[in-house]
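What the coordinates show
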Number of protein chains: 2
Amino acid sequence: MMDTKTRIIESAIEIFGEDLSAPLQKVADNADITRRTLHRYFADRNELVAVCRQEIESSCKKAMLTAIQSSNEPLVQLESMLYAGIDCGSKYALFKRLHQGEDHYHNPENKNCADYDAIFKAFHKIIIQLQKQGKVNSEMSSQWIQVLHRGIVESTVHAKAHTTKSEEEIKKLAWASYIKAISP
Amino acid sequence: MMDTKTRIIESAIEIFGEDLSAPLQKVADNADITRRTLHRYFADRNELVAVCRQEIESSCKKAMLTAIQSSNEPLVQLESMLYAGIDCGSKYALFKRLHQGEDHYHNPENKNCADYDAIFKAFHKIIIQLQKQGKVNSEMSSQWIQVLHRGIVESTVHAKAHTTKSEEEIKKLAWASYIKAISP
DNA sequence: CTATAATTTCTCAAAAGTGTGACATTGCAT
DNA sequence: ATGCAATGTCACACTTTTGAGAAATTATAG
């Protein structure tokens, strides 16, 4: 069984991902503990939300960086980044929302923002390389491709829950669709 | 200026789409009215949520049916369906969630469910036709294509808010990416 | 078995959110 | 300008959510 604190955080990410204002009772139920226990680990709602944020930041960031460093071949890097996003599951959508939501004030002084920037910069570089190699459509901006990337990740995460296909199979399907979408 | 009642509904759909338990104050703020005014149009939260649901059902359904009926050419139909989804904006994501969410009990007796089924059946038929014509990859199931469709729509809706590109331009980009993704 | 750490149960008070009545203000058609 | 309809302001009671104390229960290590 998972560590209680970790279980609370995972549950909270699940619940808050769909409903940030959901009562803490829901989070507690989802984690199979009492609300009282939850409050022993987290002083208040804000603290829990903050910790979730931090957990999302660090685990998505780590997954993305590992993917980027997995190879020198941009096509392999891009494929790994797609799979990394899918593996992050619901966290990935939150990660994006946290940095792109309309309420978010982007500030490069902030470490989280800086790291996010670094990841997107690397993504941008990968796309430029692929465009130079003629493997990616040069008429598509890397912004659009990033948006598409997110869309494919989220679709695949949704699909994982509603299909009989194996995880491996569906990931390959996602990659096939994605690379064709952005090919010249 | 939009009709107040309509504005409240649109605001509520926006807010509830991301956070179903959000305080009504947020909906009121978003609609630029007081909470008191909101309560003059909707007796309570449940009523507002129900009306939102109905509005989503009917407007998405209408948009989709119009798209399907826009042509006899399956490729044109598919393109229209994509644009229709984009035009529905945040409603489209909700529409899908309402019918595919894990809490939703699908019941063909229910008119909403039946209509949803009819739309998906039409979509399925269009894909099959395109596969027979060799315009769509036969190795992709129509389920996967439907998931992808949703992903592209949601990405595009997100992108609309964060780009300087014209709506027309971004829609064309979405269609170009989509059709390539599912081409043989 | 025993000590002790973690969790639950029950409780309660403070805070936030909800719905409404009474009246003031604004906007707009006549 | 007048009057009506829509909206805003403020005050209020009510409900739900929140956070925490105290004691009982359960699990766990030694």
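Every chain is numbered independently, its residues counted from 1 as its sequence is written. To read the labels, note that chains go from A and ligands from 1, taken in the order they are written. The model is predicted, so local features are restricted to residues of pLDDT at least 70 and side-chain atom pairs to those at 80 or more, both for listing and for counting; the totals for chains, interfaces and linings are taken over all residues. Values shown for side chains rest on all heavy atoms present in the structure; no hydrogens or waters enter the calculation.

**Examining the overall build of chain A**
Basically, it comes down to this: Numbering goes from the N terminus for both helices and strands, where a helix is a DSSP run of H or I of at least four residues and a strand is a run of E of at least two. Three exposure classes are used, based on accessible area relative to the maximum for each residue type with a 1.4 Å probe and protein chains only: buried under 20%, partly exposed in between, and exposed over 50%. We treat Lys and Arg as the positive residues and Asp and Glu as the negative residues; His and chain ends play no part in the count. A single reference atom marks each charge: NZ on Lys, CZ on Arg, CG on Asp, CD on Glu.
Along its length, chain A carries 9 helices and 0 strands. Secondary structure elements of chain A, listed N to C terminal, follow the sequence α-α-α-α-α-α-α-α-α. In terms of principal-axis extent, the alpha carbons of chain A reach across some 60 × 45 × 25 Å. With 184 residues in all, chain A has 48% of them scored as buried. Where the 24 positive side-chain charges of chain A centre and where its 24 negative ones centre are 2 Å apart.

**Things to note about the packing of aromatic side chains**
Residue and element names in this part refer to chain A. Keep this limit in mind: The rule is short: rings of Phe, Tyr and Trp, with Trp giving its six-membered ring, pair when the centres are within 6.5 Å, and they are stacked under 30 degrees, edge-to-face over 60, tilted in between.
Under the criterion given, the structure shown has 5 aromatic pairs over all chains. Centroid distance Phe120 to Phe123: 6.2 Å. Interplanar angle 20 degrees. Geometry classified as stacked. With Phe120 and Phe123 both in helix α7 (residues 111-132), this residue pair falls 3 residues apart, about one helical turn.

**Quick word on the protein's contact with DNA strand D**
Our working rule: Only a single heavy atom is needed: when it lies within 4 Å of a molecule or strand, its residue is near that molecule or strand. Here a polar contact means two N or O atoms within 3.5 Å. Within protein one must be a hydrogen donor candidate and the other an acceptor candidate, and residues neighboring in sequence count only if both atoms are side-chain atoms. Residues are grouped as follows: Ala, Val, Leu, Ile, Met, Phe, Trp, Tyr, Cys and Pro are nonpolar; Asp, Glu, Lys and Arg are charged; every other residue, Gly included, is polar.
Near DNA strand D lie 17 residues; those nearest to it are A:Arg45, B:Thr4, B:Thr37, B:Arg40 and B:Tyr41. Sugar and phosphate atoms constitute 45% of the interface atoms of DNA strand D, taking the interface as everything within 4 Å of the protein. Within the side chain of B:Tyr41, one N or O atom sits 2.2 Å away from a phosphate oxygen of DNA strand D. Split into classes, the residues belonging to the surface near DNA strand D amount to 5 nonpolar, 4 polar and 8 charged.

**Describing the pattern of salt bridges**
Note the threshold: Take a side-chain nitrogen of Lys or Arg and a carboxyl oxygen of Asp or Glu: if they are within 4 Å of each other, that pair is a salt bridge.
Using the criterion set out here, one finds 22 salt bridges over all chains in the structure. The closest approach of N and O atoms between B:Glu73 and B:Lys135, which form a salt bridge, is 3.7 Å. Note that B:Glu73 is positioned in the loop between α4 (45-69) and α5 (74-88) and B:Lys135 in the loop between α7 (111-132) and α8 (142-161), a separation of 62 residues in sequence. Look at B:Glu73 and you get partly exposed, because its relative accessible area is 32%. Beyond isolated ion pairs, a larger network of salt bridges with shared partners links A:Asp87, A:Lys160, A:Glu167 and A:Lys171.

**As for the interface of chain A and chain B**
Applicable threshold: Every residue pair with non-hydrogen atoms within 4.5 Å of one another is taken to be in contact. As used here, buried area is the combined drop in accessible area, with a 1.4 Å probe, of two parts when they are placed together.
Residue-level contacts link 31 residues of chain A with 31 residues of chain B. Counting the surface lost from both chain A and chain B, the interface buries some 2500 Å², and carbon and sulfur atoms represent 56% of this. Together, A:Glu18, A:Trp144 and A:Lys180 form the three largest contributors to the area buried by chain A at its contact with chain B, with a combined 23%. Inspection of the region where chain A meets chain B yields 0 salt bridges. Summed over the shared surface of chain A and chain B, the number is 12 residue pairs in polar contact (both at pLDDT 80 or more). At the level of secondary structure, the elements contributing two or more residues to the side of chain A that touches chain B comprise α6 (90-100), α8 (142-162) and α9 (167-182) of chain A. If one sorts the elements of the side of chain A that touches chain B by residue count, α8(A) sits on top with 11 residues. Looking at the side of chain A that touches chain B, its residues break down into 14 nonpolar, 11 polar and 6 charged.

**Overview of the domain arrangement of chain A**
To keep it simple, the criterion reads: For the domain bounds, the source is a domain assignment made automatically or taken from a database.
Each assigned domain of chain A is listed here: domain 1 (1-42) and domain 2 (57-182). If you average the C-alpha positions of domain 1 of chain A and of domain 2 of chain A, the two centres end up 28 Å apart.

**Quick notes on the relation of the copies chain A and chain B**
Cut-off, in case you're wondering: Least squares is the method used to superpose the copies, on C-alpha atoms of residues holding a pLDDT of at least 70 in both.
Of the transformation superimposing chain A on chain B, the axial component is 0.3 Å and the angular component is 179 degrees, with the fit at an RMSD of 0.5 Å. Here the two chains are linked by the operation of a two-fold rotation axis. A share of 100% of interface residues in chain A that are also interface residues in chain B marks the association as one of identical surfaces.

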